[in-house]
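Read off the chains here:
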Amino acid sequence: MACLERCRCCADSRRHSSILYNILRSEEREASPAGQGPRQGLASRGCPCGTRRRVALRSPQVACKAASAVLVKTLRFVQNVPCFQELPLEEQLLLVRSCWAPLLVLGLAQDRVHFETVECAEPSMLQRILTTRRQGERPPPRGPAPGRPHRGPDGGGPHLPSAGEIQAIKGFLAKCWSLDISTKEYAYLKGTVLFNPDLPGLQCTQYIEGLQREAQQALNEHVRLIHRGDEARFAKLNVVLSLLRSINANVIAELFFKPIIGAVNMDDMLLEMLCAKL
């Protein structure tokens, strides 16, 4: 079975005269930008098809329940920050909508939530070509563009996360666990993530920037006091923050909330939870 599903990146040297090969090549030439071959750049990086495989949770009920509990705890933490409560509701919503996913992943790390995934079968390239041609459409790309919402094969529905995206989440969790981050350090990291002054539409930019600076200063002072022998720890914790930028909120929603809630609008759910007494 594994041989049958071997990626096309490794199969160019075989069956160049087959009908399927010619169909695939013609489709790729149409989709590729002018002057750029369909496989340009892949040789130096190696075949990426393994990280593009679509995956789902092995035990969705257990993992989704744990993630939902972490989300409730995360929003309760946000609500209990006095400086956050002093902001106008519109500012609060902007901040929460932009950072709920990285805050949730930090919460998963803090609570040491483990989860496993399994590979899901996707329609073969031939099935995709025949289906889209029957509908008079061009075949969609195999993977979503970075930062774009995940879409299904028909372009309208959600798309399962890829193995590469799950690896990014698990890599982040492993990094946090290797550092043995304390409760206070997690709190300061969450404050740094929450008070992001660079969001478009914010009115209290200077105030929020000051809050972020205070969170970073408090983290630095705590590290120097508790970890005097580890001068690089503050830098390591900031590396953790940088890793959060690779976490896609759409991936988190699809992975942990869609299996039990369905097609959920996270903005609406966050507003409801933020206005509730958790």
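The rules behind these values
- Residues numbered from 1 in each chain as written.
- Predicted model: local features only at pLDDT ≥ 70, side-chain atom pairs only at ≥ 80, totals over all residues.
- Heavy atoms only, no water.
- Buried < 20%, exposed > 50% of the residue type's maximum accessible area, 1.4 Å probe, protein only.
- Helix = DSSP H or I, 4+ residues; strand = E, 2+ residues; numbered from the N terminus.
- Arc of directions from axis to C-beta.
- Contact = heavy atoms within 4.5 Å.
- Axes fitted to C-alpha atoms, helices over the stretch in contact; angles between N-to-C directions.
- Parallel < 35°, antiparallel > 145°, perpendicular 65-115°, else oblique.
- Left-handed = near helix turned anticlockwise from the far one by under 90°.

A. Molecular detail of helix α11 (residues 233-243). Within α11 the residues assigned to the buried category are Arg233, Leu237, Val240 and Leu241. Along the axis of α11, the buried positions cluster into a sector of 100°, meaning they face one direction only. Tucked inside the fold, the buried residues of α11 contact α8 (163-179), α9 (183-194) and α10 (205-226).

B. Structural context of the packing of α8 against α11. Taken N-terminus to C-terminus, the directions of α8 and α11 make an angle of 160°; their axes are 10 Å apart at the nearest point. It follows from the interaxial angle that α8 and α11 lie roughly antiparallel. Crossing handedness for the pair α8 and α11: left-handed. Of the residues in α11, those touching α8 at Phe172, Lys175, Cys176 and Leu179 are Arg233, Lys236, Leu237, Val239, Val240 and Leu243.

C. Quick look at the packing of α9 against α10. Relative to each other, α9 and α10 sit at 155°, their axes nearing to 8 Å. With respect to α10, the axis of α9 lies roughly antiparallel. The hand of the α9/α10 crossing is left-handed. Here Lys184, Glu185, Tyr188, Leu189, Gly191 and Thr192 of α9 lie close against α10, whose contacting residues are Gln212, Ala215, Gln216, Ala218, Leu219, His222 and Val223.

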